[in-house]
Every structure is written in structure tokens, then in C-alpha cells.
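Residue-level structural notes
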Amino acid sequence: MTDKQPLEDRVNNRSQRPESAAFREFIAANWAEPDGALPPQMEAAPYAATRREVLSTRFPGERLVIPAGELVVRSNDTDYRFRPHSAFAHLTGLGTDEEPDAVLVLEPTETGHDATLYFRPAAAKDTEEFFADSRYGELWVGVRPTLEEMSARTGLPTAHSDELADAISKDAGQVQIRLASQADSAVTALVQKARSEVGAHAEGVDAPFAEALSELRLVKDEWEIRQMRDAVNATHRGFDALIRQIPRSTEHWRGERVLEGAFEANAREDGNGLGYDTIAAAGNHANTLHWIRNDGQVRPGELVLVDAGVEVDSLYTADITRTIPVDGTFTDAQKKVYQAVLDACEACLAKAAEIGPDGERVHFREIHAAAMEVLAHRLDEWGLLPVSAEESLKPEGQYHRRWMVHGTSHHLGLDVHDCAQARREMYLDAKLEPGMCFTIEPALYFREDDLAVPEELRGIGVRIEDDILVTESGVERLSEDIPRTIPAVEAWVQGLLQ
Ligand SMILES: [Mn+2]
């Protein structure tokens, strides 16, 4: 014994783990053998296989590395709940909290690629990991899959993550490696090491790969569209649950949290959780675009803007905003603003549904322009613009943007702002295609300190956000069943508050 306590002991000051050989032997024995039955293949598996094939054709002869990502520390020894990188979820079909540290590798072959899923399978019960590893041990985090079970579920060949380093680095001089580099710093370090050891020229290879992974998700397949419908329906139930809590919210010193909590409880019950932090913004807080502090009061007579989405177990999320009168009835000034925003929504929908005589679809960016057209004219009618609506709509004008500084639409799917790395010509400048999913979310924000608007409008912020699917014949509003006209919203709130 030395008199100095080694550092590794000092950082484990709280550990009271039994160390005796007798304990080791005792805890390893007398567990029933699993029945060995393999789980069925996931519904998503064949769709994920098709996506991998498309990716394969984009990068022939190259090794493609897509990590799920690692656990992220929230504080000290507590991690955030794991959520895999969206590209990994897309290409494996795995959702919920699967599978920290897993890596999908597409190894080039003569004809395409062979995919292998590397991950850390369940440890045997005679290992220390089984009882002592709070991040991966079965006694701490639950039963983990074996290589065979994961293979049966995903339809992918699997291998132990101990083999990953060799799989990444072999022939690194001859094979170009492309990496989804934002997902996992340890895998990124492995790839960089493999590249540097052979002096591989890798500058600028990962950015186009990130673009490709993003662009691969621009058009959703039928299974993904089902996930989107489920997400929107769960979000509808979340809004219902939230509205039922309005009476309690008005009694609470920070009622916005009451509304936030009601939605989130439903999101965890119905899905994996929230697709993003809920915005529950009462009164003037609605004019803060990303109000997620949600610590304000909810007052009768005011509006509450709720921007929220349920992420289902497959990790697809809805993104819905409704602006709701707290006591179930809009005032005249609120109606005036609300109707202008709703008219902008309708103009966007009509634009997105347009199909030319030759079957030509509109460009994505034209949807935003349609909203701006309506809002600029309405603001002009109200006498708020220093120039005409036409002048304001010109690039050198844009006065109307004072009251809506954000965009009107973004793609939606595994990420709430899906496909964000797509190139401009594939996103804003692309034409709509059946299977695309995006939001339409025009708004008007009149802050309470905005001296450029009449007093009756100050403190009113309205956003209406719907989730849209492009179809062969036009568009479908996936969130059609969530009320949004003035009478429908009033009836919705009044009906649930009875
Ligand atoms: Mn949105």
C-alpha cells in the first residue's frame, strides 16, 4: 500500500462495487438462458436497403462510413437520452434510442457496396460490463441485442465494434473514405488517422457526402410518409391535451410551462418524444421566434402561440404551429392579424399545388414568395408600409419583412429542418416532386414595443404552420384535421374547455 491514493481511485470515490472473486462468480451464474428466438425484421428494413442502394450508386468504389453517434454527457456522469444521427436512422431503419456507437459501413465491391453494421453487442454475464458498466451494462441499461438479433431485425450483416478500426483503415491508400463527419468524434478521429497514415487526399470529400445524405431524404418513400402521418396525428392529440390544460395554465404563475408539459407528456406516451423544444408563447412572447423558455403567464384575452411536434419511434417528426385564443374567442384585432396569416397560408398551398400544362411543378422558393405577396398587400392596406406593396416586394424594398423575418417553408422528416445540407439547386431552387414533405408557416409579429404599428396590434403575434405532402395531383395538407380557421379554432378550444 502506498500512502497516496491513485487518481483513478479518487475519481471513483463514490464506488462501492463489490470486488471479491466470490461475488464475481456468484453474479455470473444462475441466469436463465435466452430462448434464442430471433426477432422479426423491422418494417423499415427493406426501405432502408433501397436507400443504401441509391447511395451506393452515387459513390462507386468508395468506402462510406455513417456513424450513429455517441452518448453525449449532460452533466458529470449523466448522459442525454440517445438519439441516433438522422443519416444513420435513414440508412438502417433504426429509431428510438438505437444504437450508441454503432457505425454503418458500406464497403465497395465490383458491383456496388456491401453494408455492415458495427456495434457493441450484449456482453456475456460473466463480464464486468454486465453488472458494472453504467453506460452499456445489461443491469444498468437493459438487455442489449446480440449480433444475430440485430442482423435479423435490420437485415444487415453485423460485426463487433472491435473490428471497426480495421474495417475503416484497411487499404486506406487505395480506397477513398467518405464519412458523415458530424456524427461521432471518435469515428471521425479513426478515419482521420487512417487517412493521415497513408497521406490520403481527403480534403473536401466529406462535405459532398453530407450533401448527398441530405438530398437522399428530399423525397420520402411510402413508409416514411406513413411515419409523417403518424407524427402529425400524435401532434394533434398533443394539441388537444394542451388545450385541456389551458384553465390550469391561467391559474399558474408560469402557465406556459403547464402547456409545454401537457404536450410533452403526450409526446412521450405516443412517440419517442419531442421533435424539437416546444414553443409555448403567450401574449407578446409569441413575437420571440424561438421562445422556448416558456416561463410566462397565460392570460385570458390573449393568444398563445404553440409550435410543437411529436417525433414518433422511427424518429420522424411533425412541426405544427397553432395560435389559440386563451379563452376560446378571438378579439377583432386578433382576428384581423390571424386572417391575414391564414390567407397567406392558403396562397402558399395554392401555389404549391400548381401544375403547369406540361406537368411542370413550381420551385420550392415560390411558396415563400406567395406568402410575401399576400402579407405585403395586407400590411399596405393597413397603412403600415412606407411604400406600396409592389415597391416593398422588390428585392431593394422588403419593408414588410420587418414583421416576418423568417422563411415560410422548410423540408421536414427525420430532422425538423430536414435535408438542411442539400445544395441550393436541390432545395430552394428545386421543383416540387411527389413525396416531398415540408412546412408552410407564414406569420406576422407585432411586438408590444413596435411603434410602427397601431396600438391595437401591438403584442399580437400569429403563426400558422401546416405539414404538407406533395402528391402527383397537387398537395395534401397532412395536418388538415388540426383546426386552423377562426371559427374552427374557436370551436376546437371551446369544445375541449367545456
Ligand atoms: Mn417549422
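Residues numbered from 1 in each chain as written. Predicted model: local features only at pLDDT ≥ 70, side-chain atom pairs only at ≥ 80, totals over all residues. Heavy atoms only, no water.

1. Section: the nonpolar core
Put simply, the rule reads: We call a set of buried residues a nonpolar core when its members are Ala, Val, Leu, Ile, Met, Phe, Trp, Tyr or Cys and they connect through side-chain atoms within 4.5 Å of each other. Only protein chains enter the area calculation, which uses a 1.4 Å probe; residues under 20% of their type maximum are buried, those over 50% are exposed, and those in between are partly exposed. The secondary structure listing takes helices from DSSP runs of H or I that are at least 4 residues long and strands from runs of E that are at least 2 residues long, numbered from the N terminus. Boundaries between domains were set according to an automatic or database domain assignment. By definition in these notes, contact holds between two residues if any of their heavy atoms fall within 4.5 Å.
Formed by 89 residues in total, the largest nonpolar core has its most connected members in L432, F438, L444 and F446. A per-element tally of this core places helix α14 (residues 332-353) first, with eleven residues. In this structure, this core is formed jointly by two domains, domain 1 (21-215) and domain 2 (222-497), each of which donates at least three residues. Setting aside anything within four residues of it in sequence, one finds F438 in contact with A352, F364, I367, S409, H410, H411, L412, L432, D466, D467, I468 and V470. The next biggest cluster of nonpolar side chains, apart from the first, holds 26 residues, and it includes A87, L91, A115 and L213.

2. Considering the domain arrangement of the chain
Operational definition: The term buried area refers to how much accessible surface (probe radius 1.4 Å) is lost by two components on association, counted for both of them together.
Partitioning the chain into structural domains gives domain 1 (21-215) and domain 2 (222-497). The interface of domain 1 with domain 2 comprises 18 residues on the first partner and 19 residues on the second. Of the roughly 1600 Å² buried between domain 1 and domain 2, counting both surfaces, carbon and sulfur atoms make up 50%. Among the residues of domain 1 in contact with domain 2, R83, S214 and E215 are the three that bury the most area, contributing 32% of the side total.

3. Here we look at the sheet that holds strand β17 (residues 474-477)
We apply this condition: Any two strands with at least two DSSP bridges between them are considered paired. The axes used here are C-alpha line fits, helices contributing only the stretch in contact, and every angle between their N-to-C directions lies in the interval 0 to 180 degrees.
Strand order across the open sheet formed by three strands is β13-β16-β17, with antiparallel pairing between neighbours. Edge positions in the sheet fall to β13 (437-440) and β17, since each has one partner strand and no second. Taking the axes of each pair of neighbouring strands and ignoring which way they run, one obtains an average angle of 40 degrees across the sheet. Pairing geometry for strand β16 (residues 466-471) and β17, over four bridges, is antiparallel. Among the inter-strand pairings, T471 is bridged to a residue of β17, identified as G474.

4. Describing the packing of aromatic side chains
Let me state the cut-off plainly: A pair of Phe, Tyr and Trp rings is counted when the ring centres sit within 6.5 Å of each other, with Trp represented by its six-membered ring. The angle between the planes then sorts it: under 30 degrees is stacked, over 60 is edge-to-face, the rest tilted. The rule is short: NZ of Lys or CZ of Arg within 6 Å of the ring centre and within 35 degrees of the ring normal puts a charge over the ring.
Applying the stated criterion across every chain, the model contains twelve aromatic pairs. When the centroid spacing of 5.3 Å and the interplanar angle of 80 degrees are considered together, the rings of F59 and F209 count as edge-to-face. Of this pair, F59 sits in the loop between α3 (45-58) and β1 (63-67) while F209 sits in helix α10 (residues 206-215); the two residues are 150 residues apart in sequence, bridging distant segments of the chain. Here F59 matches F209 in class, with each residue buried. Clustering of aromatic rings is evident, with ring pairs tying together Y47, W223 and Y316. Above the face of the Y136 ring, R120 is positioned so that its terminal group lies 4.2 Å from the ring centre.

5. A short note on a nonpolar patch on the surface
As a reminder of what qualifies: Here the term patch refers to residues with relative accessible area over 30% and no salt bridge, with like charges joined within 9 Å and nonpolar side chains (Val, Leu, Ile, Met, Phe, Trp, Tyr) within 5 Å. With residues, only the protein chains shown are counted as cover, and all accessible areas are computed by Shrake-Rupley using a 1.4 Å probe. Salt bridge, as used here: a side-chain nitrogen of Lys or Arg that lies within 4 Å of a carboxyl oxygen of Asp or Glu.
On the surface, W31, L139, W140 and V141 cluster together into a nonpolar patch covering about 430 Å² of accessible area. For V141, the position within the fold is in helix α6 (residues 138-141). Its relative accessible area of 44% is what places V141 among the partly exposed residues.

6. Some remarks on the layout of surface pockets
As a reminder of what qualifies: For each structure, a 1 Å grid was placed over the protein atoms alone; sets of points admitting a 1.4 Å probe that cannot get out are labelled cavities, open sets with protein on both sides within 12 Å along at least five of seven lines are labelled pockets, and lining residues have an atom within 4 Å of a point. Grid points are joined across faces, edges and corners, and a volume is the space filled by probe spheres set on the points. Note on residue categories: nonpolar means Ala, Val, Leu, Ile, Met, Phe, Trp, Tyr, Cys or Pro, charged means Asp, Glu, Lys or Arg, and polar means any other residue, Gly included.
One number sums up the size of the largest pocket: a volume of about 1000 Å³. For the largest pocket, the lining is made up of 30 residues, of which D77, S134, R135, Y136 and W140 are closest to its centre. The set of elements that each furnish at least two residues to the lining of the largest pocket consists of β3 (78-79), α5 (128-132) and α6. Per-class residue counts for the lining of the largest pocket are 13 nonpolar, seven polar and ten charged. Taken together, 20 residues form the lining of the second largest pocket, with Y80, R81, F82, R83 and L274 sitting closest to its centre. Where the lining of the second largest pocket is concerned, the elements lending two or more residues are α13 (255-270) and β8 (273-274). By residue class, the composition of the lining of the second largest pocket is eight nonpolar, five polar and seven charged.

7. Digging into the coordination of the manganese ion
The condition that has to hold: Coordination here is defined by N, O and S atoms within 2.8 Å of the metal (3.2 Å for Na, K and Ca), and since water is not considered, a site can look incomplete.
Taken together, D319 (OD), H410 (NE2), E441 (OE) and E465 (OE) make up the full set of protein donors to the manganese ion, lying 2.0 to 2.4 Å away. In the primary sequence, the donor residues of the manganese ion line up as D-x90-H-x30-E-x23-E. A residue pair is termed long-range when its members are at least 10 positions apart, and H410 in the loop between α16 (389-393) and β13 and E465 in the loop between β15 (460-463) and β16 qualify at 55 residues. Look at E465 and you get buried, because its relative accessible area is 0%.

8. Remarks on the side chain of S409
Using the following cut-off: Here a polar contact is taken to be a pair of N or O atoms separated by no more than 3.5 Å, where protein atoms must pair a possible hydrogen donor with a possible acceptor and residues adjacent in sequence count only if both atoms sit in side chains.
Tracing the chain through its elements places S409 in the loop between α16 and β13. According to the relative accessible area criterion, S409 is buried, its value standing at 17%. Within the local environment of S409, its side chain forms a polar contact with the backbone oxygen of T439, the two atoms lying 2.7 Å apart. When near neighbours in sequence (up to four residues on either side) are disregarded, S409 contacts F364, I367, F438, T439 and I440.

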